[in-house]
Amino acid sequence: MKLRINSLGNYLRIALLWVFLALSILSCKKEKPVETEDLEFIQETYYISEGDYVNVLIANGNKEYSLSGFDEELIVPMVSVTDFPAGAIYINALKKGTTDIMVKDDISGQAAKLTIHVVDPFLAMEVSDIVPIIKDEEYETGQAIRDKIRTEPQSFFDFETREVLVLQQNADNQFWLFKNEEDAVRGNIHKSGEFTIRFSYGGPNRLQLKYDGSEEAVEYDLYTPDQTAISTLLRWSQNSGAENNTEKAQSSALRLSLGSERAEVRQNTSPVDNNPQLFLIKDFTSFFKESYPTVERVDLFQSMRIYERSRYLKIADGILN
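Residues numbered from 1 in each chain as written. Predicted model: local features only at pLDDT ≥ 70, side-chain atom pairs only at ≥ 80, totals over all residues. Heavy atoms only, no water.

Peer 1: Explain a nonpolar patch on the surface here, please?
Peer 2: A cluster of nonpolar side chains, Val 76, Met 78 and Leu 94, forms an exposed patch at the surface whose accessible area comes to about 250 Å². On the secondary structure map, Val 76 appears in strand β5 (residues 75–80). (Patch = residues over 30% accessible without salt bridge, like charges linked within 9 Å, V, L, I, M, F, W, Y side chains within 5 Å. Areas by Shrake-Rupley, 256 points an atom, 1.4 Å probe, with all protein chains shown as cover. Salt bridge = Lys/Arg side-chain N within 4 Å of Asp/Glu carboxyl O. Helix = DSSP H or I, 4+ residues; strand = E, 2+ residues; numbered from the N terminus.)

Peer 1: It is not clear to me how the pattern of salt bridges should be interpreted in this structure. Could you clarify?
Peer 2: Oppositely charged side chains may form a pair once their charged atoms are brought near each other. The tally for this structure, following the rule as stated, stands at 14 salt bridges. Note that Glu 219 and Arg 206 form a salt bridge whose closest N and O atoms lie 3.6 Å from each other. Placement of Glu 219 in strand β14 (residues 218–223) and of Arg 206 in strand β13 (residues 206–211) is noted, with a sequence separation of 13 residues between them. Linking Asp 283 and Arg 297 is a salt bridge whose minimum nitrogen-to-oxygen distance equals 3.6 Å. Residue Asp 283 is found in strand β15 (residues 277–283), and its partner Arg 297 is found in strand β16 (residues 297–306); the two are separated by 14 residues along the sequence.

Peer 1: What's the story with the sheet that holds strand β10 (residues 164–168) in this structure? I'm lost.
Peer 2: In any sheet, the strands associate via hydrogen bonds between backbone groups, in a parallel or an antiparallel arrangement. Here we have 8 strands rolled up into a closed barrel, ordered β9-β10-β11-β12-β13-β14-β15-β16, and antiparallel in their pairing. Within the sheet, the average angular offset between the axes of one strand and its neighbour, ignoring direction, is 35 degrees. Here 4 bridges tie β13 to β14, and the two strands are oriented antiparallel to one another. Each bridged residue has a counterpart across the sheet, and for Gln 208 the counterpart in β14 is Glu 219. In the packing of helix α2 (residues 139–151) onto the sheet, the strands contacted are β9 (122–135) and β16, and the crossing angle to β9 comes to about 150 degrees. (Pairing = 2+ DSSP bridges. Axes fitted to C-alpha atoms, helices over the stretch in contact; angles between N-to-C directions. Contact = heavy atoms within 4.5 Å.)

Peer 1: Is there a simple way to explain the packing of aromatic side chains in this structure?
Peer 2: A ring pair, where both rings are aromatic, is described by two values, the distance of the centres and the angle of the planes. Inspection of the entire model under this criterion finds 11 aromatic pairs. Here Phe 159 and Tyr 220 contribute two aromatic rings whose centre-to-centre distance is 6.0 Å and whose plane-to-plane angle is 35 degrees, an arrangement assigned as tilted. Separated by 61 residues along the polypeptide, Phe 159 in the loop between α2 and β10 and Tyr 220 in strand β14 bring together distant segments of the chain. Across this residue pair, the class does not change: Phe 159 and Tyr 220 are buried. Where Phe 279 meets Phe 301, the ring centres are 6.0 Å apart and the plane angle is 70 degrees; that geometry is what we call edge-to-face. Pair noted here: Phe 279 is in strand β15 and Phe 301 is in strand β16, with a separation of 22 residues, a long-range link. The class for Phe 279 is buried, based on a relative accessible area of 0%. What makes Phe 301 buried here is its relative accessible area of 0%. Here the aromatic cluster, defined as three or more aromatic residues joined through ring pairs, consists of Phe 156, Phe 284, Phe 287 and Phe 288. (Phe/Tyr/Trp six-rings, centres within 6.5 Å; stacked < 30°, edge-to-face > 60°. Buried < 20%, exposed > 50% of the residue type's maximum accessible area, 1.4 Å probe, protein only.)

This is the structure in structure tokens:
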């Protein structure tokens, strides 16, 4: 009888040991360290126009960041953790110069260095489609003109799709044309020269380009149905310094655009393209009237998609001042 009691006690001790071992294993599984994300940015160098700001998105991270090492006289950066996908840094540019920001992820302990160049105001645009606006044409005439433009776009405009035009407003008023974004990164300049731009809510609105090595200037009418682009261009207007009520100017410019005949170009823009757009306009009426006498007017609108504060363009060092 005593032997049976001892055996039962041994079984109980062994069972309790297995129970404690299982609980210990479960406890270890629950105490696994929390997984963290690596700190990543889309790029490491950013150009910001003096007096403007940019929204630097954080591509990956843990939404707890601290900033250090920057020159407070040049920039004022602020962290936001609400932006997709992993937060952002809003950077206000106070005056020209170059500084670095050390961004630390307070969860992972990782750090990244961003180089910020505050430069003279610049405007960068990517060349997009040509939109023909044909007035009072017969169907066959209009279709023939559109087909010709579609098959020979290089014959009608000075830019090709995906080219990048950068204007910088300062004493020199220089512009640079790159064949694509990759060439802008490498600093491979396709063409360059000087520009003059006039844009106000009263109009007329013009962009004039004078290429290096040429005495003649090319001039375009400007048009945009986009209020963000209107605001951007008003900041560029040489005569806008006296305009103190920017909101009034934006509203007036929008009403003028929507009330004009050229407002119909809005119908030709893609509804999924949310980037602000500027259109460079040339009158080709005389060119097409020779072959199509019934046509009353032909305007070609070259769409230019503006790089704004949340759409970055990488530009090689030494291009912008």
